[in-house]
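Structural features, examined
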Amino acid sequence: MRVAIVGGGICGLYLGYKLSKKGHSVNIFEKKQKIGNRVCSGLFSERIIEFIPQSRNLIQNSINYTVLHFPKKTITVKFSKKFYVMKHNSLDKLMADLAQKAGAIINLNEDISALPQKFDKIIGCDGAHSFIRKKLNLLGPHYRLGILGTLKNKSNLNYVETWPCHNGLTPHHFFKNGEGFIWKIPRGTEIEYGIIGETNEAKIIFDEFLNKNNISLTNIRSRIIPQGFIIPKNSSLTLCGDAAGLTKPWSGGGVIWGLTAAEILLKTFPDFLNYRRLMKKFFLPRIIFSKIATKIIYSVGFRIPFLLPRKIRMESDFLL
């Protein structure tokens, strides 16, 4: 089949690679001048090796657990699978190389303004503000803001620190549609600090944290992070990854969720309606559960922290 993939991020490139290997004729349309996402922490569970074995060579550091700092209690969170620190743009470039070697055509500087013509199937992998999603007249996801920057300090610690956050100017006021947090990730040659939160609150809270702790970051970047579940009921066009809002409700991470969705799409291709059915079956229970679990942990952590155990163990990517 002739397949158009709109968006040359990790999901679009992965689908281009896999579909080309199956013998389909794939064209990937990317609006940027070059491949590579530079506004992402690049912290992935070891499932990334299962999806892309070649990514093992990109590992900068291994993370075994997370330290969660509530105001009156600190909790250690041990995940079922450890995490790897990688450069996201290096992962994208690796995937682009694999896709091209498999036969996919990558078209750069293609900021499309109309649906690609003469294709049997169109897959929107074009991010938070998906053009394909808008052309289908679908409601957009909920948006949060991610901001990150780095310190040029070497650190090979094997854990991440996080600070769940609320607006200190309004006691007990939590992020309205999804709790936020500040993170500290040791990346080997540098340390990364970042935040995910509501678009009108994240920068204020992050600046307060950095000033309070006398932290001066360089290379500061930001991006919008979608969260939702938007799969069209359409036999010719569909969505995957950030375009569908598939990011973790608690952390905003989207790579493993997006690649999981891509595998479901590959399993059902070219039946987009069956893809939609299996996506609902797999993702909706996990989205609902993780939203409830996150609300409970944040509420208890800020209001009645003595009820939380000192150590928690949970599934790395789906919580259940």
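Attention here is on the structure that accompanies the text. Since we're looking at a predicted model, the values are computed, not measured.

The rules behind these values
Residues numbered from 1 in each chain as written. Predicted model: local features only at pLDDT ≥ 70, side-chain atom pairs only at ≥ 80, totals over all residues. Heavy atoms only, no water. Salt bridge = Lys/Arg side-chain N within 4 Å of Asp/Glu carboxyl O. Helix = DSSP H or I, 4+ residues; strand = E, 2+ residues; numbered from the N terminus. Buried < 20%, exposed > 50% of the residue type's maximum accessible area, 1.4 Å probe, protein only. Contact = heavy atoms within 4.5 Å. Core = buried A, V, L, I, M, F, W, Y, C linked by side-chain atoms within 4.5 Å. Axes fitted to C-alpha atoms, helices over the stretch in contact; angles between N-to-C directions. Parallel < 35°, antiparallel > 145°, perpendicular 65-115°, else oblique. Left-handed = near helix turned anticlockwise from the far one by under 90°. Nonpolar A, V, L, I, M, F, W, Y, C, P; charged D, E, K, R; others polar. Pairing = 2+ DSSP bridges. Lys, Arg positive; Asp, Glu negative; His and termini not counted.

Glancing now at the pattern of salt bridges. Scanning the entire structure with this criterion turns up 10 salt bridges. Note that glutamate 190 is salt-bridged to lysine 152, the shortest N-O span being 3.1 Å. With glutamate 190 in the loop between strand 10 (180–186) and strand 11 (191–198) and lysine 152 in the loop between strand 8 (142–151) and strand 9 (159–165), this residue pair connects regions lying 38 residues apart in the sequence. Residue classification places glutamate 190 among the buried residues on the basis of a relative accessible area of 14%.

All right, on to the environment of methionine 314 then. You can see methionine 314 is positioned in strand 14 (residues 311–314). Separated by 283 residues in sequence, methionine 314 and lysine 31 place their C-alpha atoms 38 Å apart. Leaving out residues up to four positions away in the same chain, methionine 314 has contacts with Val77, Lys78, Phe79, Ser80, Ile297 and Leu319.

Grouped together as the largest cluster of nonpolar side chains are 63 residues, with contacts concentrated most on Ile5, Leu15, Ile48, Ile52, Ile123 and Phe283. Element by element, the count of residues in this core is highest for helix 6 (residues 255–268), at 9 residues. Dropping the residues within four chain positions of it, isoleucine 5 is found in contact with Gly12, Leu15, Gly16, Leu19, Val26, Asn27, Ile28, Phe29, Ile123 and Cys125. One finds Phe70, Val85, Val160 and Ile225 within the second-largest nonpolar core, a separate group that totals 20 residues.

Each pair of packed helices can be described by the angle between their axes along with the distance between the axes. Taken N-terminus to C-terminus, the directions of helix 1 (residues 10–21) and helix 3 (residues 88–102) make an angle of 20°; their axes are 8 Å apart at the nearest point. By the angle between their axes, helix 1 is roughly parallel relative to helix 3. Along this stretch, helix 1 crosses helix 3, giving a crossing that reads as left-handed. Here Ile10, Leu13, Tyr14, Gly16, Tyr17, Ser20 and Lys21 of helix 1 lie close against helix 3, whose contacting residues are His88, Leu91, Asp92, Met95, Ala96, Leu98, Ala99 and Ala102. When the residues that make up the contact of helix 1 with helix 3 are grouped by side-chain class, the tally is 10 nonpolar, 3 polar and 2 charged.

Strand order in the open sheet made by the 5 strands is 6-2-1-7-13, with parallel pairing throughout. Strands with a single pairing partner mark the edges of an open sheet, and in this sheet they are strand 6 (105–107) and strand 13 (237–239). Strand-to-strand twist in this sheet, taken as the mean axis angle between neighbours without regard to direction, amounts to 20°. For strand 1 (residues 2–6) and strand 2 (residues 25–29), the ladder comprises 5 bridges, and the chain directions are parallel. Bridge assignment links valine 3 to a residue of strand 2, and that residue is valine 26.

Another point: the side chain of asparagine 61. Here asparagine 61 lies in strand 4 (residues 61–70). In this structure, asparagine 61 is in contact with Phe83, Tyr84, Val85, Ser155, Asn156, Leu157 and Pro186, ignoring residues within four places of it in sequence.

Looking at the secondary structure, you find arginine 286 in helix 7 (residues 272–303). No salt bridge is formed by the buried arginine 286, whose closest oppositely charged neighbour, glutamate 315, lies at an N-O distance of 7.3 Å. In this structure arginine 286 touches Phe318 and Leu320, once residues within four positions along its chain are discounted.

Now for unusual backbone geometry. Look at the link from phenylalanine 269 to proline 270: it is a cis peptide, with omega at 10°. For proline 270, the position within the fold is in the loop between helix 6 and helix 7. A positive phi is found at lysine 118, a non-glycine position, where the angle reads about 65°. For lysine 118, the position within the fold is in the loop between strand 6 and strand 7 (121–124). A positive phi angle, near 55°, is found at asparagine 219, a position not held by glycine. Locating asparagine 219 in the fold gives a position in strand 12 (residues 218–227). Residue class for asparagine 219 comes out exposed when judged on its relative accessible area of 52%.

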